[in-house]
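Overview (structure and organization)
Here's the letter readout for the chains.
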Amino acid sequence: MSVDQISSVADRPRSSADAGRTRPARRPGASMTARRHRAFYVFTSPWIIGFLLLTIAPMGYALWLSFTTFDGISPNWHYVGLGNYRELMNDSVTWDALGRAGLFAVISVPLSIIAGLGLAVLVNRPIRARGVFRTLLYLPAVVPPVGAGIAFKNVFDQNSGAANGALTFFGFDAVGWLADPYARYVLVMTVLWAAGNIMIISLAGLQDVPRELHEAARIDGASAWRTFRSITVPLLSPVLLFQTVTGMIASVQTIMPMLLAPLSTPAGLTTVPQSNYTYMIHVFSQYFALGRYGYASALLWVLFVLILIATGLIFKFTSGVVFYNVDPEAKK
Amino acid sequence: MTATSLNPKPPLRVRIRVNRLVLYTVLVVVTGLFLGPFGWLVLTGLKAPDELAAAPVHWLPDTFQWHNFADAYQLIDFLGYARNSLIIASIYAVLVTLSSAWVGFGFARLDAPGKKTLFGILLGSMMLPQMITLLPTYLIFAKLGMVDTYWPWVLWGLSSAPYLVFLFRQFFAGLPRELEEAAIVDGCGYAQIFWRIFLPQSWPVLSASFVIAFTWTWGDYIAPQLLLSTDKTTLSVAVMTTYISSAGTPIANLQAAASVMYVIPILLIFLVAQRGFVAGMSTSGLK
């Protein structure tokens, strides 16, 4: 995937330039090389130390907690082995929450990618005020989650919301958007609202598509749709794949259901409607409403492993479909 | 354009015009939909409480209640919370920008056994679910007595952010080699090379990184919610949680007004720094 591609790009100037030029020039090489090596670790140490202390250590701590009944208050917590995991396996609330999170990811991510790609194609055309349209369409993606949550709560308010205003204007009945079963649609719409993000990233990709390819296709008499499907989409596929993976990971972790709930605090987690009770919300309730740090840590680790597996599967199944444009010029 | 005389079917030009019309209509409608929620937030912030309770929706306020903004500002210690946000976001953004540039320089310009593996881990860690590490991190910070202090943001800042490291690495890797070779011959250390030669070259990336990190922190809800008490917390938490009447119901119009005031700085920063912001966004999309 991208990782190899990026690192190979990284090494390119070094392997071609260094090998030819710097080696013979600098003979007192050994100490120079040692200095370079030491410097590398001095420079990367903030990240390495930070990663160990602020990512690996907490994950390890969570793993340890997941084998205990720790709740942060009671002093007589104890080791329960796989007890929490066993409980989790038999907990239908957990499975329902996981299913809901998965469904939400599977629906919202492709939709927002399609929307973002569509917008990118739209604003990539030679139109007037193109920059203005791009900026305005991207703007919602910059709005912080709290702002987005409050905005959507107001738009979809039962009484004073614009959504019900429009429905009643056209003669339909008003709907309780923020309650079951409609809350899930509002949740998906908050994701779509930020599709400008994907638009900008796809736009960069679209502009990288060589003009000659489009011209050649047009000469061959390909329709616009055909060109889009056979040239644009394959060339964008690494970008889209990356967006799919990061989008899935983001959507599984989202706390938007909490922000859309009537009471948007950890204490108000109980007010999250059933249809938005995703896995992450479940984890938060276990942590904060019930203080079950041990069980919640087990939930987190299960989610972590599932995300790893899902990411691996996505890369595996797309390896034949995703097209990497290896620049022949650069390979030399 | 003059080809119409050769072309037996004039509809071509008409068709192009109709296409354009459709295109612009779609664009305007979609843009309207995208701006709608924010527009509605502003309108809600300008309405009186009874207008929000009335059953048929009041599309526009009867009279624009501009004082809602002043009321929202006075009801809570708005300025105090904004100052907290500003302090936290600035601390984090300055530190993380410098540390990420520092680490990025290492990955772009230096070499050592294990570099490839480390870089792979760095890129992989961009995909780590942050919410999963945040909850146990919170427990650790609580144990270390760092709850209700700004230390967590200092530590997060010092430890650099993979995404920004990548941004800097890409930029530094593109600068010509000659830049440091002369300095090395002159006996400069790498720290000096970084500080004197590379940093001054990288204003565009430095500012993009600062803006990105600042908006992250300004927009963050969960970390301050978990780590800070009610008076030390940030504006995002305050806006979300403090506009509640004594009866326990949200004060929707004041909250809407407050969230407009909370969001606008970010929109302004974005509009001013758009170029760097978007450049940062699109390089992140893998290049």
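The numbering scheme is per chain: residues are counted from 1 as the chain's sequence reads. Labels are handed out in written order, letters beginning with A for the chains and numbers beginning with 1 for the ligands. Two thresholds apply to this predicted model, a pLDDT of at least 70 for residue-level local features and 80 or more for giving and counting side-chain atom pairs, whereas whole-chain, interface and lining totals are computed over all residues.

Observations concerning the overall build of chain A
From N to C terminus, chain A includes 16 helices and zero strands. C-beta atoms are placed from the backbone for every residue, and two residues are taken to be in contact when these atoms lie within 7 Å. When contacts within chain A are restricted to residue pairs at least 6 apart in sequence, long-range pairs at least 24 apart make up 68% of them. The helix and strand labels rest on DSSP assignments: H or I over at least four residues marks a helix, E over at least two residues marks a strand, and numbering proceeds from the N terminus.

Quick word on the overall build of chain B
For chain B, the count of helices and strands is 15 helices and zero strands. Relative to its length of 287 residues, chain B is extended, with a C-alpha radius of gyration of 25 Å against a globular reference of 19 Å. Each principal axis of the C-alpha atoms in chain B carries an extent, and together these give about 80 × 75 × 30 Å. Counting other C-beta atoms within 10 Å of each residue's C-beta, where C-beta atoms are placed from the backbone, gives the exposure class: buried for 20 or more, exposed for 12 or fewer, partly exposed between. Within the span of chain B, comprising 287 residues, buried residues form 41% of the whole. For chain B, long-range pairs separated by at least 24 residues make up 75% of all intrachain contacts whose partners lie at least 6 apart in sequence. For this measure, only C-alpha atoms enter the radius of gyration; the expected value for a globule follows 2.2 Å times N^0.38, where N is the number of residues.

Quick look at the nonpolar core
The biggest cluster of nonpolar side chains holds 111 residues, and the ones touching the most others in it are Met-199, Val-252, Leu-260 and Leu-300 of chain A. Among all residues touching Leu-300 of chain A, those that are not within four sequence positions of it are Ala-62 and Val-283 of chain A together with Ile-132 and Leu-135 of chain B. Structurally, a nonpolar core is described as a collection of buried Ala, Val, Leu, Ile, Met, Phe, Trp, Tyr and Cys residues joined by way of C-beta atoms within 7 Å. If you look at the next biggest cluster of nonpolar residues, it comprises 45 residues, including Phe-51 of chain A together with Leu-95, Val-103 and Phe-210 of chain B.

Looking at the packing of helix H14 (residues 279-289) of chain A against helix H15 (residues 293-318) of chain A
Residue and element names in this part refer to chain A. One can describe the packing of H14 onto H15 by two numbers: an axis separation of 8 Å at closest approach and a directional angle of 160 degrees. Taken together, the axes of H14 and H15 are roughly antiparallel relative to one another. Between H14 and H15 lies a crossing of left-handed hand. Contact with H14, carried on its side by Tyr-279, His-282, Val-283, Gln-286 and Tyr-287, involves Tyr-293, Tyr-295, Ala-296, Leu-299, Leu-300 and Leu-303 of H15 and no other residues of that element. Under the grouping applied here, Gly and all other residues not named as nonpolar or charged are polar, the nonpolar ones being Ala, Val, Leu, Ile, Met, Phe, Trp, Tyr, Cys and Pro and the charged ones Asp, Glu, Lys and Arg. Grouping the constituent residues of the contact of H14 with H15 by class yields nine nonpolar, two polar and no charged. To get an axis, a line is fitted to the C-alpha atoms, and for a helix only the part in contact is used. The angle between two axes follows their N-to-C directions and goes from 0 to 180 degrees. Roughly parallel covers angles under 35 degrees, roughly antiparallel covers those over 145, roughly perpendicular covers 65 to 115, and oblique covers all other angles. The handedness criterion is simple: a crossing whose near helix is rotated anticlockwise from the far helix by less than a right angle is left-handed, and one whose near helix is rotated clockwise is right-handed.

Looking at the interface of chain A and chain B
Opposite the 79 residues of chain A that make contact, chain B presents 80 residues. A per-element tally of the side of chain A that touches chain B places helix H3 (residues 29-65) of chain A first, with 19 residues. Tallied by class, the residues present in the side of chain A that touches chain B amount to 54 nonpolar, 23 polar and two charged.

Brief notes about the environment of Val-26 of chain B
Residues and elements named next belong to chain B. Along the chain, Val-26 falls in helix H1 (residues 11-45). Residue classification places Val-26 among the exposed residues on the basis of 12 C-beta atoms within 10 Å. C-alpha separation for the pair Val-26 and Arg-83, spaced 57 residues apart in sequence, amounts to 42 Å.

Here's the deal with the domain arrangement of chain B
Just so you know, the domain bounds were taken from an automatic or database domain assignment. Here chain B is partitioned into domain 1 (2-68) and domain 2 (76-242). Averaged C-alpha coordinates put domain 1 of chain B and domain 2 of chain B at centres separated by 39 Å.

With respect to helix H11 (residues 211-219) of chain A
One turn of an α-helix holds 3.6 residues; hence residues three or four places apart share an orientation. In terms of burial, H11 of chain A is largely open, as just zero of its nine residues are buried. The positive-phi residue at the C-terminal boundary of H11 of chain A is Gly-221 of chain A, with phi of around 85 degrees.

Here we look at the domain arrangement of chain A
Residues and elements named next belong to chain A. For chain A, the domain assignment lists domain 1 (29-65) and domain 2 (67-324). Using only C-alpha atoms to locate each centre, domain 1 and domain 2 end up separated by 32 Å. Counting residues at the interface gives four residues for domain 1, matched by eight residues for domain 2. Residues that form the side of domain 1 that touches domain 2 fall into these classes: four nonpolar, no polar and no charged.

Some remarks on the environment of Ile-266 of chain B
Looking at where Ile-266 of chain B falls in the secondary structure, it is placed in helix H14 (residues 252-272). Taking the C-alpha atoms as reference, Ile-266 of chain B lies 9.0 Å from Phe-214 of chain B; in sequence the two are 52 residues apart. Those residues in contact with Ile-266 of chain B, other than ones at most four positions away along the chain, are Val-142 and Pro-144 of chain A together with Thr-215, Trp-218 and Gly-219 of chain B.

Details of unusual backbone geometry
Residue Pro-181 of chain A is bonded to the preceding Asp-180 of chain A through a cis peptide linkage, with omega at -5 degrees. Here Pro-181 of chain A is to be found in the loop between helix H8 (162-169) and helix H9 (183-193). In this structure, Ala-129 of chain A takes a positive phi of about 55 degrees despite not being glycine. If you trace the backbone, Ala-129 of chain A turns up in the loop between helix H5 (92-123) and helix H6 (130-142). Residue classification places Ala-129 of chain A among the exposed positions, given that 12 C-beta atoms sit within 10 Å. A positive phi angle is found at Ser-160 of chain B, which is not glycine, with a value near 65 degrees. You can see Ser-160 of chain B is positioned in the loop between helix H7 (151-158) and helix H8 (162-173). Assessed through the 29 C-beta atoms surrounding it within 10 Å, Ser-160 of chain B is described here as buried.

Points about the confidence of the model for chain A
This prediction gives chain A a mean pLDDT of 82; 88% of its residues lie at or above 70. In the predicted structure, residues 326-332 of chain A sits below a pLDDT of 50 and forms three contacts with residues beyond four places in sequence or in another chain. Across the chain, each position has a pLDDT score giving the predictor's confidence in that residue, from 0 to 100.

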